[in-house]
Amino acid sequence: MFKLNPNKNALLALLLLVPVPSIGVATQLYMLPGLKGNLVALLSKIWMFVLPIIWLLFVDKDNLKVQYPKRRDLLAGVGLGLLMLCIMLIVYWLLGAKWIDVKYVRDRATQVGLDSFVVYLVGSAYWIFVNSLLEEFVWRWFVYRKCEMLVSSPLAVVLSALFFTIHHIVGLAAYFDWRATTLCSLGVFLAGAIWSWCYLTYCSIWPGYISHIFADIAIFLIGWQLIFA
């Protein structure tokens, strides 16, 4: 499909994917709030999922293989996940609760329809179990591996975590001031680096996915506290 050398292929893949979630989030939260913005965000999600598959089949010319989790993947994922959940809740209680403007967060949640408990519950379930799997597939299985074709493995861990953080910064800035946005973005970057390191170590997305579930549980517990408590 593309007659480029592997390094140029990897760079092109990153250019086609990495900016897309930021465009989707920015459109949804800043430029076109409402149905049109939600549609752009949905299309960006679809693109993020479809592009790696297309790339695998038609550019890398490989087959999509399903790798089931091993016992070590489960243990690593649960251990890391519980540790991350506890750290996130502690940091929120120590700093986040003091820095976050609860009224502003609730107003923004109302604008995007998250002030409904049912909507919040359904959305939480999607983000915790489905979106986290999508992100591990995209950012670790695809983006990290493409980064590793361009730079050393340790640098690929850092680079893929940085790419993973960018669209989160765009989204966080819509709800929080610079202090909370900086703190949360640092947490996202560290989590992304840990999950990329998991992929480097275990050659599997499962440790990252399982620990990602626990991290998202912490996020939505905090969100529930901010919006409904």
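All residue numbers here refer to positions counted from 1 along the written sequence of the relevant chain. At least 70 in pLDDT is required for a residue's local features to be given in this predicted model, at least 80 for side-chain atom pairs to be given and counted, and no such filter applies to totals for whole chains, interfaces and linings, which use all residues. Hydrogens and water are ignored here; the side-chain numbers use all heavy atoms of the structure.

**A closer look at unusual backbone geometry**
Formally: Each helix is a run of H or I in the DSSP string that is no shorter than four residues. Each strand is a run of E no shorter than two, and both are numbered from the N terminus.
One non-glycine residue, Lys61, adopts positive backbone phi at about 55 degrees. Positioned with a positive phi, Cys203 is a non-glycine residue whose angle comes to about 55 degrees. For Cys203, the position within the fold is in the loop between helix H8 (178-202) and helix H9 (206-227).

**Description of H8**
Basically, it comes down to this: Every helix has an expected span of 1.5 Å times one less than the residues it contains. Summary of the burial criterion: residues with accessible area below 20% of their type's maximum are buried, those above 50% are exposed, and those between are partly exposed, where the area comes from a 1.4 Å probe applied to protein chains only. Here a residue-residue contact requires only that any non-hydrogen atoms of the pair lie within 4.5 Å. In the analysis that follows, any N or O atom pair within 3.5 Å is treated as a polar contact, provided that within protein one partner can donate a hydrogen and the other can accept it, and provided that, for residues neighboring in sequence, both atoms belong to side chains.
The end-to-end C-alpha distance of H8 is 35 Å, a good match for the 36 Å that 25 residues give at a rise of 1.5 Å each. The set of residues buried in H8 consists of Ala180, Thr181, Ser185, Val188, Ala191, Gly192, Ala193, Trp195, Ser196, Cys198, Tyr199 and Tyr202. Packed against the buried residues of H8 are helix H4 (71-99), helix H6 (117-150), helix H7 (153-172) and H9. Between the side-chain oxygen of the N-cap and the backbone nitrogen of Arg179 there are 3.2 Å, and the N-cap of H8 in question is Asp177. One or two positions beyond H8, positive phi appears at Cys203, with a value near 55 degrees.

**Some details on the packing of helix H5 (residues 102-111) against H9**
Filter applied, for reference: Axes here refer to lines fitted to C-alpha atoms; in helices the fit is confined to the stretch in contact. Angles between the N-to-C directions go from 0 to 180 degrees. An angle below 35 degrees is read as roughly parallel, one above 145 as roughly antiparallel, one from 65 to 115 as roughly perpendicular, and any other as oblique. Three classes are used: nonpolar for Ala, Val, Leu, Ile, Met, Phe, Trp, Tyr, Cys and Pro, charged for Asp, Glu, Lys and Arg, and polar for all others, with Gly counted as polar.
One can describe the packing of H5 onto H9 by two numbers: an axis separation of 9 Å at closest approach and a directional angle of 100 degrees. For the element pair H5 / H9, the angle class is roughly perpendicular. Contacts from Val102, Val105, Arg106 and Ala109 in H5 reach Gln225, Leu226 and Ile227 in H9. Grouping the constituent residues of the contact of H5 with H9 by class yields 5 nonpolar, 1 polar and 1 charged.

**Thoughts on the nonpolar core**
The line we're drawing: As used in this record, nonpolar core signifies buried Ala, Val, Leu, Ile, Met, Phe, Trp, Tyr and Cys residues forming a set joined through side-chain atoms within 4.5 Å.
In terms of nonpolar packing, the biggest core is built from 32 residues, with Leu17, Val138, Trp139, Trp141, Phe142, Val143 and Phe163 touching the most fellow members. Within the residue set of this core, elements represented by two or more residues are helix H1 (6-17), helix H3 (35-59), H6, H7 and H8. Counting residues per element, this core draws most heavily on H6, at 9 residues. If we skip the residues at most four places from it in the chain, Leu17 touches Trp47, Met48, Leu51, Pro52, Val138, Trp139, Phe142 and Val143. Counting residues in each nonpolar core, the second largest holds 25 residues, with Leu85, Ile100, Ala174 and Tyr175 among its members.

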